[in-house]
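Geometric and topological summary
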Amino acid sequence: MGNRGGTRGVPPVSAAGPPAGEKDGDDVMSDKARKLFEALDLDRNGILTRDEVIIALRTKGPSLAASGDLPYWGVEDIDASSALFDAADQNGDAILTLEEFAAVVDRRFGWH
Ligand SMILES: [Ca+2]
Ligand SMILES: [Ca+2]
């Protein structure tokens, strides 16, 4: 008589993985950045060119600053506007998308 008992190793089943894939999705830009972008987008085509930023800041800057939509130091002169553009244009394609613009002004102006 033999005992045929086996200890069968049953592997522990604990396959409850953590839910993967968190998306920080929607609103990563401030309303102020969006509003400023729209104010500067003179031809309303959804992008900003360098000329647009310079012209818009010259013509609209003071009133934007007066209404609190722009810090006063953000309306200084052409060089400053151009520098802001360069800082914002991260991929160097000479246009600013809302995302590019918002990322920079939110950080610079402390809006986000
Ligand atoms: Ca435009
Ligand atoms: Ca760009």
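Conventions and cut-offs
Residues numbered from 1 in each chain as written. Chains lettered and ligands numbered in written order. Predicted model: local features only at pLDDT ≥ 70, side-chain atom pairs only at ≥ 80, totals over all residues. Core = buried A, V, L, I, M, F, W, Y, C linked by C-beta atoms within 7 Å. Buried ≥ 20, exposed ≤ 12 C-beta atoms within 10 Å, placed from the backbone. Helix = DSSP H or I, 4+ residues; strand = E, 2+ residues; numbered from the N terminus. Contact = placed C-beta atoms within 7 Å.

Of all hydrophobic cores here, the largest spans 16 residues; its most connected members are Ala33, Leu36, Phe37, Leu48, Val53 and Phe101. Breaking this core down by element, the ones donating at least two residues are α1 (31-40), α2 (50-66), α3 (78-88) and α4 (98-109). The contact partners of Leu36, leaving out residues within four places of it in the chain, are Leu64, Asp69, Leu70 and Val105.

Moving on, we get to unusual backbone geometry. If you check the backbone angles, Arg44 has positive phi at about 55° while not being a glycine. As for its position among the elements, Arg44 is in the loop between α1 and β1 (48-49). A count of 7 C-beta atoms within 10 Å places Arg44 in the exposed class. At Ala94, a residue that is not glycine, the phi angle is positive and equals roughly 70°. With respect to the element layout, Ala94 can be found in the loop between α3 and β2 (95-96).

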